[in-house]
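Understanding the architecture of this molecule
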Amino acid sequence: MKLTGAEIIWECLQKEGVDVVFGYPGGAILPTYDAMTKYPKIHHVLVRHEQGATHMADGYARASGKVGVAIATSGPGATNMITGIATAMMDSSPIVCITGQVGSKAIGTDAFQETDVTGVSLPVTKHNYLVTRPGDIARAIREAFYIAKSGRPGPVLVDITKDAQQMTAEFDWEGAAPRLPGYRPSYHAPASEYERAAELINSAKRPLILAGQGILKSGTTDEVLKLAKDAGIPITTTLLGIGVIPASSPLNLGMMGMHGEAWVNQAIQQADLLIALGMRFDDRVTGNLKTYALNAKKIHVDIDPSEINKNVPVDIALIGDLREVLAVIAPQVKKAEHAEWWTTINAMRGDAAVRDIQSLPDNGHLYAAHVINDLWRLTQKRDTIVVTDVGQHQMWEAQYYRHDQPRSLITSGGLGTMGFALPAAIGAKFACPEKDVWVVCGDGGFQMTSCELATAEQEGIKVNVAIINNSFLGMVRQWQEFFYDKRYAATPMTGPDFVKLAEAYRLKGLRCNKRSDVKATVDSTLAAKGTVVIDFVVEKEDTVFPMVPAGADLDKMIRRPKQDVMLESGSDKDWEMPAAPVRPAANGQAKAAVKAPKAAKKPAAAVPSRGPKTTKSNRR
Amino acid sequence: MAKHTLIAYVEDVPGVLNRVASLFRRRNFNIDSLTVGRTEQPGVSRLTVVVDATEAGARIVEANLYKLVNVLRVDDLTHKPSLFRELGLVKVRVTPETRAQVLQLTEVFRARVVDVDEATLVIEVTGTPEKVGKFELVLQPYGIVEIVRTGAVAMARGHELMSAAPPLVRTDVGADHHTDASGVSMSV
């Protein structure tokens, strides 16, 4: 069957089971858009910016586990995609991006809207293709899908010249089967390594499972929970591992890392064995590598060999699909309780719990943590996906929204892409139309891609956007507060009236600035028909606690001041550091060290007030 | 840090050298030399990469090379009995007084003169990278006008490596993709 290259593209997408694509037309991709009209089974979502298309494809992929597809034209269309592609790359999200390219004869002539897109995207794609002949399109797209979703997933870009889209070729789906002699999506660790690993697990006194996104990708939540339960091993998750292990599971200690739970980071430093499952020891997880978990042996299970020993030297590496690894190792692991270890951890947890902002009475200020915790309370009975942006709200969400389902939190972890949330949520909604999709984002990140509200409106879909509005680039402000003597350079930020903005897009807008109004606001959002934008006007200079400063030892956290300080100042301006590193030894010692920091408290009065002008004017 | 010599067999497709070079730049690996050429098998090129790395670093380089879809096989020859060769062309200044000395050194290094004029000699030297470096060093006092070195190429001695290696190009694709690690050493 002879088809044009453009038709072959759609045939391939249809064969790959694609039901929705996110894209933006333009000159070099026009033949493909023209052919689209012949393929009504595939729904095309017109985005407002190509970055949005890639985030939507990413959100779609993360919510569904399928491959997301984004389409753009050459030059600026394709370069606009790069941020979204890099985001997908860092978080191992399977997306296929199809870009138009100028005619093959014009390549290299600096033709109108010509960019070397395969060159530009090379470092941020798992693989990419430049296709100049219609006969090569089918194989490139098949291979792209196969590469994107197999092994460690990732983005693949297929750049197709305009003439290749226009010319005809024989469409032979079978003949276009992937031929990838050099591609190794998975490996198998030798049996001897499994034995050594099982031995380590069986002899450990203070083991800890570090659960990452690999568990989600391999669908092994139940297997990991069973292993942890049988062997009495506590679990902590990475940011992208949230939801993979239910927050309600008593085995789940919570999130690790820079803004992880204090007791989790202390537990990591005291553990004698870390079992890393599908996580990659990111710097936001480890803190100072020189002092990271020095007492622990490490078992690293990952499908990607290049992750082994990259950041943290490990004792045993089991390279392969987590499902296979767990199937082999689980029968070799002996039952255990580790009661003493659990007692130690629970003692550390008790100390941290008293600092929790949730224990504070309503003092008239609206705290983001309260908003998010209330949001969780009000939506936990519903099937909900929360998509977060990047910044303070993202960490509060990770801390105070308790995810029990895999794929119920979608967030940009590795790249930390502001502007991710709204488009990714739109993608997630297309993947799971039956679920509630909430965006939790800051006023900064929201303004980066708020144009996609138009996409939501045009598509008639419902996403609930909760803007945690503190009129600051909050996380950057927090760093300036701690590490730059409160010189708030370029972090105070104004924005539009978000309610009016929503209305301008013919959407519903709501504002909430009192805790007592949160419930009513959320309820009326859920009751409303289309997309709703909520402007949660929260405390301006609130801080995410605890915090491990970048590059600091994992257990040297900046902690939330205790309650009395909080009530006195009505803000989180005060902070403290542990006086001495927590020695991972006996329980009593560790506990003493946790309590010690009181002595090292930094007096609030010593910090000169150098707030920016905008904080003085009350714009609420 | 030590020199590690890796052999990578790659599919001979457009952009493959760019992928390898981009990988080294992106991962901040330090390339000493990189050579590329054809192999006995059509469609397959062979890269010899010399990197400055620790033992663990070399494993990460190897793993990252494997991640490139167009890379078929990677061998680390560093600890295997291997042959290393490099070719250098050295244009050296000579005077009637020094000409004989330079010719004598050329003899000692088993190099050969490939071009002669009244003021210079061009000498072709082959051998290990160390030997080529040494030759350069001894000629320096005479005045080196120009020098070009190919970078090292390497090959394992004997026949063992060949028999242990997986086939370069596999035509079977699909489900079978998960069973091909047998020939690949990836243990830590």
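The residue numbering used here restarts from 1 in each chain and proceeds along that chain's sequence as written. Chains and ligands are labelled sequentially in the order written, the chains with letters from A and the ligands with numbers from 1. Two thresholds apply to this predicted model, a pLDDT of at least 70 for residue-level local features and 80 or more for giving and counting side-chain atom pairs, whereas whole-chain, interface and lining totals are computed over all residues.

**Some remarks on the overall build of chain A**
Short version of the rule: Numbering goes from the N terminus for both helices and strands, where a helix is a DSSP run of H or I of at least four residues and a strand is a run of E of at least two. Residues with at least 20 other C-beta atoms within 10 Å of their own are called buried, those with 12 or fewer are called exposed, and the rest are partly exposed. The C-beta atoms themselves are positioned from the backbone. Whether two residues are in contact is decided by their C-beta atoms, placed from the backbone, lying within 7 Å.
For chain A, the helix and strand inventory stands at 26 helices and 20 strands. The buried share among the 620 residues of chain A stands at 56%. A fraction of 76% describes how many contacts in chain A between residues 6 or more apart in sequence connect residues 24 or more apart.

**Side note on the packing of helix 3 (residues 50-64) of chain A against helix 5 (residues 82-90) of chain A**
All names here are of chain A. Under the convention used in this document: Interaxial angle, 0 to 180 degrees, is taken between N-to-C directions of lines fitted to C-alpha atoms, where a helix line uses only the stretch in contact. Throughout, the term roughly parallel applies to angles under 35 degrees, roughly antiparallel to angles over 145, roughly perpendicular to angles from 65 to 115, and oblique to all others. Note on residue categories: nonpolar means Ala, Val, Leu, Ile, Met, Phe, Trp, Tyr, Cys or Pro, charged means Asp, Glu, Lys or Arg, and polar means any other residue, Gly included.
Running from amino to carboxyl end, helix 3 crosses helix 5 at an angle of 25 degrees, the nearest separation of the two axes being 7 Å. Between helix 3 and helix 5, the crossing angle belongs to the class labelled roughly parallel. Here Q51, T54, H55 and D58 of helix 3 come into contact with helix 5, specifically with T83, G84, I85, T87 and A88. In terms of residue class, the contact of helix 3 with helix 5 is made up of two nonpolar, six polar and one charged.

**Things to note about the interface of chain B and chain A**
Contacts between the two partners involve 27 residues from chain B and, on the opposite side, 28 residues from chain A. Secondary structure elements with two or more residues in the side of chain B that touches chain A: helix 1 (16-26), helix 2 (55-67) and strand 4 (71-76) of chain B. Of the residues forming the side of chain B that touches chain A, the biggest block, seven residues, is contributed by helix 2 of chain B. Within the side of chain B that touches chain A, the residues separate by chemical class into 12 nonpolar, eight polar and seven charged.

**A short note on the domain arrangement of chain B**
Threshold: Start and end points for every domain follow an automatic or database-based domain assignment.
For chain B, the assigned domains read domain 1 (2-79) and domain 2 (83-149). On a C-alpha basis, the centroid separation for the pair domain 1 of chain B and domain 2 of chain B is 30 Å.

**Examining helix 7 (residues 137-149) of chain A**
Residue and element names in this part refer to chain A. Spelled out, the test is: In this analysis, the expected span of each helix is defined as 1.5 Å times one less than the number of residues it contains.
Compared with an ideal rise of 1.5 Å per residue, which puts 13 residues at 18 Å, helix 7 spans 19 Å between its outermost C-alpha atoms and is within 8% of the ideal. Within helix 7, 11 of the 13 residues are buried, which leaves it mostly tucked inside the rest of the structure. All buried positions along helix 7 are accounted for by I137, A138, A140, I141, E143, A144, F145, Y146, I147, A148 and K149. The secondary structure elements touched by the buried residues of helix 7 are helix 1 (5-15), strand 5 (95-101), strand 6 (127-131), strand 7 (156-161) and helix 8 (162-166). Two residues or fewer after helix 7 comes G151, characterised by a positive phi angle close to 60 degrees.

**Things to note about helix 21 (residues 474-483) of chain A**
Residue and element names in this part refer to chain A. Selection rule: Within this analysis, the arc is defined by the directions that extend from the helix axis to the C-beta atoms.
Among the residues of helix 21, those classed as buried are G474, M475, R477 and Q478. The buried side chains of helix 21 occupy one side of the element, clustering within an arc of 155 degrees when seen end-on. Of the surrounding elements, those touching the buried residues of helix 21 are helix 17 (392-400) and strand 17 (436-442). Within two residues after helix 21, D485 carries a phi angle of roughly 50 degrees, on the positive side.

**Structural notes on the packing of helix 16 (residues 368-379) of chain A against helix 23 (residues 515-527) of chain A**
All names here are of chain A. Applicable threshold: What makes a crossing left-handed is the near helix being turned counterclockwise from the far one by less than a right angle; a clockwise turn instead makes it right-handed.
Closest axis-to-axis distance for the helix 16/helix 23 pair is 10 Å, and the angle between their directions is 40 degrees. Between helix 16 and helix 23, the angle falls in the class oblique. For helix 16 against helix 23, the interelement crossing comes out right-handed. For the pair formed by helix 16 and helix 23, the contact residues are H370, V371, D374, L375 and L378 on the first element and R515, V518, K519 and V522 on the second. Within the contact of helix 16 with helix 23, the residues separate by chemical class into five nonpolar, one polar and three charged.

**Here we look at the sheet that holds strand 1 (residues 2-11) of chain B**
Residue and element names in this part refer to chain B. This is how it is decided: For two strands to count as paired, DSSP must find a minimum of two bridges between them.
In spatial order, the strands read 2-3-1-4; together these four strands make up an open sheet with antiparallel pairing. Two strands in the sheet have a free side with no partner beyond their single neighbour: strand 2 (30-38) and strand 4. Between one strand axis and the next, the sheet turns through 20 degrees on average, direction left out of account. Looking at chain direction, strand 1 and strand 3 (residues 44-53) are connected through 10 bridges and run antiparallel. Paired with A8 across the two strands is L47, which belongs to strand 3. Each of strand 1, strand 2 and strand 3 is contacted by helix 1, which is oriented at about 150 degrees to strand 1, the strand it contacts most.

**So, the environment of A:Q478**
Residues and elements named next belong to chain A. Considering the arrangement of structural elements, one finds Q478 in helix 21. Overall, Q478 belongs to the buried group, with 23 C-beta atoms counted inside 10 Å. Separated by 65 residues in sequence, Q478 and T543 have C-alpha atoms that sit 6.2 Å apart. In this structure, Q478 is in contact with Q392, T543 and V544, ignoring residues within four places of it in sequence.

**Brief notes about the nonpolar core**
All names here are of chain A. Quick reminder of the rule: A set of buried residues drawn from Ala, Val, Leu, Ile, Met, Phe, Trp, Tyr and Cys, joined through C-beta atoms within 7 Å, is what defines a nonpolar core.
Counting residues in each nonpolar core, the largest one holds 211 residues, and the members touching the most others are V96, V158, L277 and V439. Of the residues forming this core, the biggest block, nine residues, is contributed by helix 7. Apart from residues no more than four positions distant in its own chain, L277 is found in contact with I209, L210, A211, G212, G214, I215, V224, V301 and L322.

**Concerning the domain arrangement of chain A**
It is common to report an interface's size as the accessible area lost on association of the parts. All names here are of chain A. Taken as a whole, chain A is organised into domain 1 (2-176), domain 2 (191-352) and domain 3 (360-537). Summarising the inter-unit geometry, the C-alpha centres of domain 2 and domain 3 are found 31 Å apart. Of the residues contributing to the side of domain 2 that touches domain 3, the split by class is eight nonpolar, four polar and one charged.

**Observations regarding the environment of A:V325**
All names here are of chain A. Relative to the elements of secondary structure, V325 occurs in helix 14 (residues 322-329). When the C-alpha positions of V325 and Q392 are compared, they lie 36 Å apart, and in sequence the two are 67 residues distant. Excluding anything up to four places from it in sequence, V325 contacts V301, L318 and G320.

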